[in-house]
Amino acid sequence: QVQLVESGGGLVQVGGSLRLSCAASRPISANMGWARRRPGNQREMVATVSSGGLINYADSVEGRFTASRNNAKNTLDLQMTNLQPEDTGVYYCAAGASVRRTWDYWGQGTQVTVSS
C-alpha cells in the first residue's frame, strides 16, 4: 500500500497562486498525477507525470499550472498560478502501481478555494 498526503490548499483571491504538495509513503515507480473535483463536476485529471518525467496537462490548466516530481523525495508538487474561480475544488494526488494507465492510490484531497 501507498499513502499519499496532500498539503498546501487554501483560500486565494482571483489571480493568486498556491503550491500544492503530495508526499508518498514510499517511492513510486509509475505515473503520478493531480486530479480535482470541482463542485457539480466529475473528478478530472489536471496534470500527470510519468516516472521518467513526461508531463501532460489538461487544457484547462496548461500554461497556468506546473507539476514537478522529485523521485528522490517521493514528492509531487503542483504550482498553480493565475487562479480563477473555476479552479475551486478538492485537489487529489494520485499514483499508479504499474505501467498500466490506472490510478491505484489516492490522497485524501486538499481544498482549493478561489474567491472573486
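Residues numbered from 1 in each chain as written. Predicted model: local features only at pLDDT ≥ 70, side-chain atom pairs only at ≥ 80, totals over all residues. Heavy atoms only, no water.

Asks: Tell me about the overall build of the protein, residues and numbers included.
Replies: On a plain count of helices and strands, the protein comes out with zero helices and eleven strands. In sequence order, the secondary structure elements of the protein are arranged as β-β-β-β-β-β-β-β-β-β-β. For the protein, the C-alpha radius of gyration of 13 Å lies close to 13 Å, the compact-globule estimate for 116 residues. Its C-alpha atoms give the protein principal-axis dimensions of about 40 × 25 × 25 Å. (Helix = DSSP H or I, 4+ residues; strand = E, 2+ residues; numbered from the N terminus. Rg over C-alpha atoms; globule rule 2.2 N^0.38 Å.)

Asks: So, the sheet that holds strand β8 (residues 75–80): which residues are in play, and what are the values?
Replies: Reading across from one edge, β1-β3-β8-β7 is the order of the four strands in this open sheet, with antiparallel pairing throughout. Edge positions in the sheet fall to β1 (4–7) and β7 (65–70), since each has one partner strand and no second. This sheet shows a mean twist of 15 degrees between the axes of neighbouring strands, independent of strand direction. (Pairing = 2+ DSSP bridges. Axes fitted to C-alpha atoms, helices over the stretch in contact; angles between N-to-C directions.)

Asks: Which residues make up the state of the cysteines, and what are the values?
Replies: As enumerated under the stated definition, the model contains one disulfide in all. A sulfur-sulfur separation of 2.0 Å characterises the disulfide bridge that pairs cysteine 22 with cysteine 93. Taking the sign of the S-S torsion, -75 degrees for the link of cysteine 22 and cysteine 93, the bridge is left-handed. Here cysteine 93 lies in strand β9 (residues 89–95) and cysteine 22 lies in strand β3 (residues 18–24), a separation of 71 residues in the sequence. Like cysteine 22, the residue cysteine 93 is buried in the burial classification. (Disulfide = S-S within 2.5 Å. Buried < 20%, exposed > 50% of the residue type's maximum accessible area, 1.4 Å probe, protein only.)

Asks: So what's going on with the packing of aromatic side chains? Residues and values would help.
Replies: If you walk through the whole model with that rule in mind, you get one aromatic pair. With a centroid separation of 6.5 Å and 85 degrees between ring planes, the pair formed by tyrosine 92 and tryptophan 106 is classed as edge-to-face. Note that tyrosine 92 is positioned in strand β9 and tryptophan 106 in strand β10 (residues 105–106), a separation of 14 residues in sequence. On the basis of relative accessible area, tyrosine 92 is assigned to the buried category, the value being 13%. Note on tryptophan 106: relative accessible area 31%, which makes it partly exposed. Arginine 43 extends its terminal NZ or CZ atom over the ring of tyrosine 92, reaching a point 4.1 Å from the ring centre. One cation-aromatic arrangement involves arginine 43 over tryptophan 106; the distance from NZ or CZ to the ring centre is 4.3 Å. (Phe/Tyr/Trp six-rings, centres within 6.5 Å; stacked < 30°, edge-to-face > 60°. Lys NZ or Arg CZ within 6 Å of the ring centre and 35° of its normal.)

Geometric values such as these leave the question of function open.
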